[in-house]
Amino acid sequence: MEEFYRIRRLPPYVFEQVNRAKAAARNAGADIIDLGMGNPDLPTPPHVIKKLKETLGKPKTDRYSASRGITGLRKAQAGYYARRFGVKLNPDTQIVATLGSKEGFANVAQAITAPGDVVLCPNPSYPIHAFGFLMAGGVIRSVPSAPTPDFFAACERAIIHSIPKPIALIVCYPSNPTAQVASLDFYKDLVAFAKKHEIFILSDLAYSEVYFDDNPPPSVLQVPGAIDVTVEFTSMSKTFSMAGWRIGFAVGNERIIAALARVKSYLDYGAFTPVQVAATAALNGPDACIREMRETYRKRRDALVESFGRAGWVIPPPQASMFAWAPLPEKFRDLGSMQFATLMVEKSGVVVSPGVAFGEHGEGYVRIAMVENEQRIRQAARGVRHFLESGIETLHNVVPLANRR
């Protein structure tokens, strides 16, 4: 039977080959160090857990919650934006709590996309940025992901050659997967560009608090007038190690926020109320836990760059995020990122994400998630050294990408 319409628009799961290799190695008893998925291993702060426990079982907390988020949570997010970015938001009209930023992106796509609408999406990029709109019936036009002057020239060309004219431009800084960071000056140019072309900006700021060089990443909403054309998505997942709690936010332009809230009202009743109360406590609470999280990832970054470098793999140190975006080692570049990542599992016991999983312009790279402690990262480097020193000529059943037909 023919596939359903929306399923036809989704490619096969790009991580499946690496996941099969990982499962096979584990079944054979191998100790696998998984640096593939960006799944935080740090504990949720104790004061957040405490608030969750205090709220569980209280009257009415087991009932349906509020789809757009309880009032206290939306006010707490407004407080966060005021403290961190100096941005004033109306919690009633400019903030919606989402089931993670991923759900927020997917549902805003449903809310604003008509069949055939064009959206400009960075490539490489986190998959939901593109596939949320593809599932909604939209069309994706790729633009560069790096926040450089060339970005605007490429976007200008994309707009000129797109019919119909694009409705929105997606950006993600600190970037997943490339870890690149945008400056406030870049955002000023971005807002001016969006207003000139009458398109919306959809900004993914999930890694706003994971930075290493005392240079906090800005929000595009810091630009005067940005709220006229911008919605920004944030998440509790990385900042407070609450990935499984599924709490995020969309904030900004009232028209889009209202559309998102209306779609969500048909789809969900919001997160479990005690989870929302605990998330409120996280946003209103002390930020020492955020500084500790940031320092942990900085130490892991340094351990990764140093130990993998000694193993023969030079990795550019990321300024932010929990990822390193690593070019394939020179003598393995013809393999392609998918085959390289698969061989990494089989030959070194280390899992990384192939760059091509984030778009065709991610080819030639892998994404390495810093979700293991420093000792395990150094252990991974020893496995990588053995793999790299073995040489491609010793690997059986390998056909370099350049030689395939």
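As a further point, take the overall build of the chain. On a plain count of helices and strands, the chain comes out with 13 helices and twelve strands. Against the 2.2 N^0.38 benchmark of 22 Å for 405 residues, the chain shows a C-alpha radius of gyration of 22 Å, consistent with a compact globule. Residues classed as buried in the chain amount to 55% of the 405 residues present. A separation of at least 24 residues holds for 77% of the contacts in the chain among residues at least 6 apart in sequence. Taken as a whole, the chain presents about 18300 Å² of accessible surface, with 53% of it coming from carbon and sulfur. For the chain, the distance from the average position of its 47 positive side-chain charges to the average position of its 38 negative side-chain charges is 5 Å.

Another point: the packing of helix H2 (residues 16-27) against helix H12 (residues 337-348). Orientation of H2 relative to H12, taken along the N-to-C sense of each, is 10°, at an axis distance of 9 Å. Between H2 and H12, the angle falls in the class roughly parallel. Taken together, the residues of H12 that come into contact with H2 (itself represented by Gln17, Val18, Ala21, Lys22 and Ala25) are Met338, Ala341, Thr342, Val345 and Glu346. Class assignment of the residues belonging to the contact of H2 with H12 gives a composition of six nonpolar, two polar and two charged.

This brings us to the side chain of glutamate 209. Residue placement: glutamate 209 occurs in the loop between strand E6 (200-204) and strand E7 (230-235). A relative accessible area of 5% places glutamate 209 in the buried class. Beyond its immediate sequence surroundings of up to four residues, glutamate 209 is in contact with Tyr80, Arg84, Thr239, Ile290, Met293 and Arg294.

Turning our attention to the pattern of salt bridges. What the rule picks out here adds up to 22 salt bridges. A salt bridge links lysine 51 to glutamate 54; its shortest N-O distance comes to 3.4 Å. Residue lysine 51 and its partner glutamate 54 are both found in helix H3 (residues 46-55); the two are separated by three residues, about one turn of the helix. Look at lysine 51 and you get partly exposed, because its relative accessible area is 29%. Arginine 301 is paired through a salt bridge with aspartate 213; the nearest N and O atoms lie 3.8 Å apart.

So, about empty space enclosed by the protein. Summed over the entire model, instances satisfying the criterion amount to three cavities of 30 Å³ or more. Estimated volume of the largest cavity: approximately 80 Å³. Around the largest cavity, the lining comprises 13 residues; the ones closest to its centre are Tyr80, Thr234, Ser235, Thr239 and Leu283. By residue class, the composition of the lining of the largest cavity is seven nonpolar, five polar and one charged.

What follows deals with unusual backbone geometry. Following asparagine 123, the chain continues to proline 124 via a peptide bond in cis, the omega torsion being 10°. The residue proline 124 is located in the loop between strand E3 (118-122) and helix H6 (127-135) in this model. Omega for the bond connecting tyrosine 173 with proline 174 falls within 30 degrees of zero, at -10°, which places this linkage in the cis form. Of note, proline 174 is situated in the loop between strand E5 (168-172) and helix H8 (184-197).

What counts, and where the lines are drawn
Residues numbered from 1 in each chain as written. Predicted model: local features only at pLDDT ≥ 70, side-chain atom pairs only at ≥ 80, totals over all residues. Heavy atoms only, no water. Helix = DSSP H or I, 4+ residues; strand = E, 2+ residues; numbered from the N terminus. Rg over C-alpha atoms; globule rule 2.2 N^0.38 Å. Buried < 20%, exposed > 50% of the residue type's maximum accessible area, 1.4 Å probe, protein only. Contact = heavy atoms within 4.5 Å. Areas by Shrake-Rupley, 256 points an atom, 1.4 Å probe, with all protein chains shown as cover. Lys, Arg positive; Asp, Glu negative; His and termini not counted. Charge placed at Lys NZ, Arg CZ, Asp CG, Glu CD. Axes fitted to C-alpha atoms, helices over the stretch in contact; angles between N-to-C directions. Parallel < 35°, antiparallel > 145°, perpendicular 65-115°, else oblique. Nonpolar A, V, L, I, M, F, W, Y, C, P; charged D, E, K, R; others polar. Salt bridge = Lys/Arg side-chain N within 4 Å of Asp/Glu carboxyl O. 1 Å grid on protein atoms, 1.4 Å probe; cavity = no way out; pocket = protein on both sides within 12 Å on 5 of 7 lines; lining within 4 Å. Points joined across faces, edges and corners; volume = space filled by probe spheres on them.

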